[in-house]
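# Remarks on the overall topology
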Amino acid sequence: MTYCDCAAAMPSDPETIAFLAEAVRETGGVNQEAGHRWAYELRRRLDAAAAELAADLTGEPGWRAVWGDCGTGVLAMFGELVCRNRRVVSSRLEHPALAAALERTAAAATYWRPDPAGRLCPDPETARSAEIAAFHWIQSELGTVQDPDRLFAAVPPGCVRFLDAIQGAGKLPFPRSADVAAVSGAKFGAPGGAALLISPRWSGGDALIEAAARFRNTHLGCRPQPAVMLTLAFAARRRRERLESDLAAMRKFNCELRREIAGISGVEFTIPEAAASPYILHLRLPGRQGAVAVRILSELGVAAASGSACASESRRPSEALTALGLRSADAFSGVRLSFSWRTIGEVRPETLAERLQTMLKKY
């Protein structure tokens, strides 16, 4: 199988898997909340890992991390603990988990529109009254890269700036204009775990950290296991060490793949290369169903997606594509290819393009 669904879950490298096995052996059976010496030692180790995770992903000292179990969990945590009964500005392109959290908790939500490439356009009128600004960095389905500095500069001082960094952390240089950012280990090569990263410049950090500890135990009903949290920090360190080399390789692979696909009839690029993450390539197949194309590709040995993993079995058209202004009929035609270090080691761009062309013939 050629795995091109890495936006849903990026494979762990062998070193990270080995670290997890050792962490399970060392911490298995120790409850970090107990009162004995081993629990105190584990808590200190987890605190150190949280600081390392935040520093490695942001590239800046002083950030802190609040542990979570998964991306959906930390997005829900932010919604419940920060957004409740407050005025939020966001967009229709947000991840379904963040959109649901805002719908559940915000007193009112207004939405900035995207341009044809999916880049959000600040609206000064709605920005003035915002108490929370909540935006994605990289759109999980389309791959559009936002400019968080530009978006957050449009809201007033005192507005909490939240960044869904789940698709970008560990892959691209981190923007530091956010007050709080969500990250998920499954998206950068950890076997699980997630976190909220808190900027040292935000005055609400202490209150959020205290509230998050209570929220995990009373609302989520679980907490991430120590071995998973430690491995999340290890994977972040691996991403930091390989960020520049992996990014250069990914840009080259994506560019070559676009060049190969450009000559195939019946395929359109949704987002131009200059506006997209090199880790995601979104295509439209006019007149065809993306879900059917994904099933045919899987028979040809290629794992792809017809949208965000959270909406993969939905019978509704892609909300991301309809937000760009596409008709409902056309919004069923998307296919997302997303890559990792393993993908570019498994397949050449021309081979992947050939399988795409074979899929179109079999459709």
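Going by the structure above, here's the rest.
## Quick look at the overall build of the chain
Counting secondary structure elements, the chain contains 12 helices and 12 strands. For the chain, the spread of C-alpha atoms along the three principal axes comes to 65 × 50 × 35 Å. In the chain, which comprises 363 residues, the proportion classed as buried is 53%. As displayed, the chain offers around 15700 Å² of accessible surface, 51% of which is attributable to carbon and sulfur atoms. On the chain, the mean spot of the 44 positive side-chain charges and the mean spot of the 40 negative ones are 2 Å from each other.

## What to know about the pattern of salt bridges
One pass over the full model with this rule turns up 25 salt bridges. Note that Glu131 is salt-bridged to Arg87, the shortest N-O span being 3.7 Å. Here Glu131, found in the loop between helix H5 (124–127) and strand S5 (132–136), pairs with Arg87, found in strand S3 (residues 87–91); they are 44 residues apart in sequence, far enough to count as distant. Note that Glu256 is salt-bridged to Lys252, the shortest N-O span being 2.8 Å. Remark: Lys252 and Glu256 occur in helix H8 (residues 226–261); sequence separation between them is four residues, near one turn of the helix. Look at the salt bridges and you will find they share partners, linking Asp13, Glu15, Arg238, Arg239, Arg242 and Asp246 into a network.

## Section: the pairing of strand S8 (residues 194–198)
Within S8, five of the five residues are buried, leaving the element largely enclosed by the surrounding structure. Judged from the five bridges that link them, strand S2 (residues 64–68) and S8 form a sheet pairing that is antiparallel. Paired with Gly68 across the strands is Ala194, a residue of S8. In terms of strand pairing, strand S7 (residues 180–184) meets S8 through five bridges, oriented antiparallel. Within S8, the residue paired with Ser184 across the bridge is Ala194.

## Some details on helix H4 (residues 96–105)
Counting along an α-helix, one turn takes 3.6 residues, and residues three or four places apart therefore face a common direction. Of the residues making up H4, those classed as buried are Ala97, Leu98, Ala101, Leu102 and Thr105. Seen from one end, H4 has its buried residues packed into an arc of 130 degrees, which puts them on one side. In this structure, the buried residues of H4 make contact with helix H3 (71–83), S3, S5 and strand S6 (160–164).

## Structural notes on the environment of Arg259
For Arg259, the position within the fold is in helix H8. Here Arg259 falls in the exposed class, since its relative accessible area comes to 55%. Separated by 91 residues in sequence, Arg259 and Glu350 place their C-alpha atoms 9.1 Å apart.

## Considering the nonpolar core
Within the largest apolar cluster, 81 residues are counted, with the highest numbers of intra-cluster contacts made by Leu53, Leu197, Leu257, Leu337 and Phe339. Top contributing element to this core by residue count: H8, with 11 residues. Other than its neighbours up to four places away in sequence, Leu53 contacts Ala65, Trp67, Phe188, Ala195, Leu197, Leu232, Ala233 and Ala236. Among the nonpolar cores identified, the runner-up in size contains 26 residues, and Leu75, Phe162, Trp202 and Ala212 belong to it.

## As for the packing of aromatic side chains
One pass over the structure, following the stated rule, counts seven aromatic pairs. Where Phe19 meets Phe234, the ring centres are 4.4 Å apart and the plane angle is 10 degrees; that geometry is what we call stacked. Separated by 215 residues along the polypeptide, Phe19 in helix H1 (residues 14–27) and Phe234 in helix H8 bring together distant segments of the chain. Looking at Phe19, the relative accessible area reads 23%, which means it is partly exposed. Consider the rings of Phe78 and Phe162, whose centres lie 3.9 Å apart with planes at 15 degrees: the pair is stacked. With a gap of 84 residues between them, Phe78 in helix H3 and Phe162 in strand S6 connect regions that are remote in the sequence. When sorted by exposure, Phe78 lands in the same class as Phe162, which is buried. An aromatic cluster of three or more residues is present, and its members are Trp63, Trp137 and Phe174. Stacked on the ring of Tyr111, the Lys or Arg Arg92 has its end atom at 3.8 Å from the ring centre.

Rules behind the numbers
Residues numbered from 1 in each chain as written. Predicted model: local features only at pLDDT ≥ 70, side-chain atom pairs only at ≥ 80, totals over all residues. Heavy atoms only, no water. Helix = DSSP H or I, 4+ residues; strand = E, 2+ residues; numbered from the N terminus. Buried < 20%, exposed > 50% of the residue type's maximum accessible area, 1.4 Å probe, protein only. Areas by Shrake-Rupley, 256 points an atom, 1.4 Å probe, with all protein chains shown as cover. Lys, Arg positive; Asp, Glu negative; His and termini not counted. Charge placed at Lys NZ, Arg CZ, Asp CG, Glu CD. Salt bridge = Lys/Arg side-chain N within 4 Å of Asp/Glu carboxyl O. Pairing = 2+ DSSP bridges. Arc of directions from axis to C-beta. Contact = heavy atoms within 4.5 Å. Core = buried A, V, L, I, M, F, W, Y, C linked by side-chain atoms within 4.5 Å. Phe/Tyr/Trp six-rings, centres within 6.5 Å; stacked < 30°, edge-to-face > 60°. Lys NZ or Arg CZ within 6 Å of the ring centre and 35° of its normal.

Everything listed here is a matter of coordinates, which is why it stays silent on function.
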